[in-house]
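# What the coordinates show
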Amino acid sequence: MNITIIKAKSLKEKPDPKALGFGKHFTDYMFEMDYFDGKGWINPTIKPYEPLELHPSSLILHYGQAVFEGLKAYKSQEGKTLLFRPEQNFERLNISSDRMCIPEINVNDAMDAMYKLLEIENDWIPTFEGTSLYIRPFIFANENALGVSTSAHFKFMIILTPVGAYYSEGFSPVKIYVEQKYVRAVPGGVGMAKTAGNYAASIKAQYEAKKKGYSQVLWLDGCEHKYVEEVGTMNVFFKVNGEVITPELNGSILSGITRNSVIQLLKSEGYKVTERRIELKEIFDAADKGELDEVFGTGTAAVISPVGELATDDKKITISDGKVGKLSQWLYNELTDIQNGIKPDKFGWVKTL
Ligand code: COI
């Protein structure tokens, strides 16, 4: 793929690496490519990060036909750029696109575009502990039309943001509210797709949970409101009586790359890991019997996030005395050490640029 490169007139000052937060600062350049019916994906360009020009009738603004991904670049101690299972993100992007009737991208072309952008933005990859360069590839419908149908024009873009921890709590345990009024996904819906509307639909529940003092919500299944699905921006795991359990991928749960990596890591350490339907009652009962050892979330942005409290309006449980559990700590260290090139990568997950 022949990428046109447009140089920036000036470069931005880099933010303080100790106070990055998440998704607040954007680098100097972005990648962009257009899709037109009959022409396919054309005009691959790396250009200065700048506002987009959109018509008020751009389909994305009305019907939300959009998909996205999130992955991170790290700097090794030798100064090499490392990526964690990047092809998985672009393959998942195509799976999400398929559900949303968005044309697929060529995974190798998309990865080449990302590599080139990372090469140009090399100085933006932070090295301070716990930081990384978050990569956000996304595609949206951009035909100027108001009929509800698939778009004849899409835009694929990649933007970059240096980040620290996703939660303001950092690695400290988060408090999660079990959502029993609103639902995130239903069978046959778009729950498994990383599509904009899933997140838009989650904001009210998250907003209400925040007002009650919780960081995120735990979603239950959309039919019976009984079975655990996922947390706002992460998959969820429970350690009960030594066994690790996590909701099975049932079509309404996001197939997390960190989720899959954690399952492989745990199995390789000899843990029994089971993916199955999990009733919320089972978790509360295990807590009552003293058998709920740990709860943690997994995600690219969240990495491993220990859960210290789970609550409904009627019941509240404290997990691991509200402290970071041993397994969560081990997983966080193991995963981030592999991602940062500190520990050998026996799984072949890390791509060195
Ligand atoms: C990620 O973990 O990369 C995500 O995409 C979650 C996000 C919505 C911040």
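Residues numbered from 1 in each chain as written. Predicted model: local features only at pLDDT ≥ 70, side-chain atom pairs only at ≥ 80, totals over all residues. Heavy atoms only, no water.

## Some points on the environment of T300
Its place among the elements puts T300 in the loop between β15 (292–299) and β16 (303–311). Residue classification places T300 among the partly exposed positions, given a relative accessible area of 24%. Along the primary structure T300 and L220 are separated by 80 residues, whereas in three dimensions their C-alpha atoms are 21 Å apart. Residues in contact with T300, not counting those within four places in the same chain, are G70, L71, K72, Y134 and T258. (Helix = DSSP H or I, 4+ residues; strand = E, 2+ residues; numbered from the N terminus. Buried < 20%, exposed > 50% of the residue type's maximum accessible area, 1.4 Å probe, protein only. Contact = heavy atoms within 4.5 Å.)

## Focus: the domain arrangement of the chain
Looking at the chain, the domain boundaries give domain 1 (4–163) and domain 2 (174–339). Inter-centroid distance (C-alpha atoms) of domain 1 to domain 2 is 27 Å. Interface area, domain 1 with domain 2, both sides summed: about 1,800 Å², of which 60% is carbon and sulfur. On the domain 1 side of the contact with domain 2, F68, F84 and R92 bury the most area, a combined 34% of that side's loss. (Domains from an automatic or database assignment. Buried area = accessible area lost by both parts, 1.4 Å probe.)

## A look at the packing of aromatic side chains
Enumeration according to the criterion identifies 15 aromatic pairs in this entry. When the centroid spacing of 4.9 Å and the interplanar angle of 65° are considered together, the rings of F22 and Y134 count as edge-to-face. Separated by 112 residues along the polypeptide, F22 in the loop between β1 (4–5) and β2 (29–36) and Y134 in strand β7 (residues 132–141) bring together distant segments of the chain. For Y134, a relative accessible area of 6% puts it in the buried group. Relative to F296, the ring of F237 lies with its centre 5.2 Å away and its plane at 5°, an arrangement referred to as stacked. Of this pair, F237 sits in strand β12 (residues 235–240) while F296 is found in strand β15, placing the two residues 59 residues apart along the sequence. The burial state of F237 is the same as that of F296; both residues are buried. Here a set of aromatic residues connected by ring pairs shows up, and it is made of F31, Y35, W41, F154 and F156. Over the ring of F36 we find K39; its NZ or CZ atom is 5.6 Å from the centre of that ring. Lying over the aromatic face of Y214, K175 brings its terminal NZ or CZ to 5.7 Å of the ring centre. (Phe/Tyr/Trp six-rings, centres within 6.5 Å; stacked < 30°, edge-to-face > 60°. Lys NZ or Arg CZ within 6 Å of the ring centre and 35° of its normal.)

## As for helix α4 (residues 196–211)
Between its first and last C-alpha atoms α4 spans 23 Å; for 16 residues at 1.5 Å apiece the expected length is 22 Å, and the two agree. Along its length, α4 reaches its greatest deviation from straightness, about 35°, at I203. Within α4, burial applies to N198, Y199, S202, A205 and A209. Immediately downstream of α4, the backbone of G213 shows phi near 100°, a positive value. (Expected span 1.5 Å × (residues − 1). Bend = angle between axes of the 7 residues up to and from the residue.)

## Some details on the side chain of R184
Within the element layout of this structure, R184 appears in the loop between β9 (174–178) and α4. The class of R184 is buried, set by a relative accessible area of 11%. A polar atom in the side chain of R184 sits 3.0 Å from the backbone oxygen of G191. Of note is the side chain of R184, whose polar atom sits 3.4 Å from the side chain of E230. When neighbours within four sequence positions are excluded, R184 is seen to be in contact with G191, N198, W219, E230 and S252. (Polar contact = N/O pair within 3.5 Å; in protein donor to acceptor, adjacent residues only side chain to side chain.)

## A short note on the nonpolar core
Side chains of nonpolar character tend, in soluble globular proteins, to be buried together. Of all hydrophobic cores here, the largest spans 36 residues; its most connected members are F31, F90, M114, I135, I139, F156 and I158. Looking at this core, the elements with two or more residues in it are β2, β3 (40–48), β5 (71–75), α2 (86–99), α3 (107–120), β7 and β8 (153–163). Element by element, the count of residues in this core is highest for α3, at eight residues. For F156, the contacting residues outside a window of four places in its chain are F31, E32, M33, W41, F90, L93, I105, A110, P137, F138 and I139. In this structure, Y167, V174, V236 and I283 belong to the second largest nonpolar core, which totals 25 residues. (Core = buried A, V, L, I, M, F, W, Y, C linked by side-chain atoms within 4.5 Å.)

## Let's talk about the pattern of salt bridges
Pairing between side chains becomes possible if they bear opposite charge and their charged atoms approach one another. The full count for this structure, using the stated rule, is 17 salt bridges. Between E69 and R92 there is a salt bridge, with the nearest N and O atoms lying 2.8 Å from each other. Residue E69 is located in the loop between β4 (66–68) and β5, and its partner R92 is located in helix α2; the two are separated by 23 residues in the primary sequence. A residue is classified by how much of its surface remains accessible, and R92, at 9% relative accessible area, is buried. A salt bridge links E208 to K204; the nearest nitrogen and oxygen atoms lie 3.3 Å apart. Note that E208 and K204 are positioned in helix α4 at a spacing of four residues, about one turn of the helix. Assessed through its relative accessible area of 49%, K204 is described here as partly exposed. By sharing partners, the salt bridges in this structure join E32, D34, K47, E50 and K155 into a single network. (Salt bridge = Lys/Arg side-chain N within 4 Å of Asp/Glu carboxyl O.)

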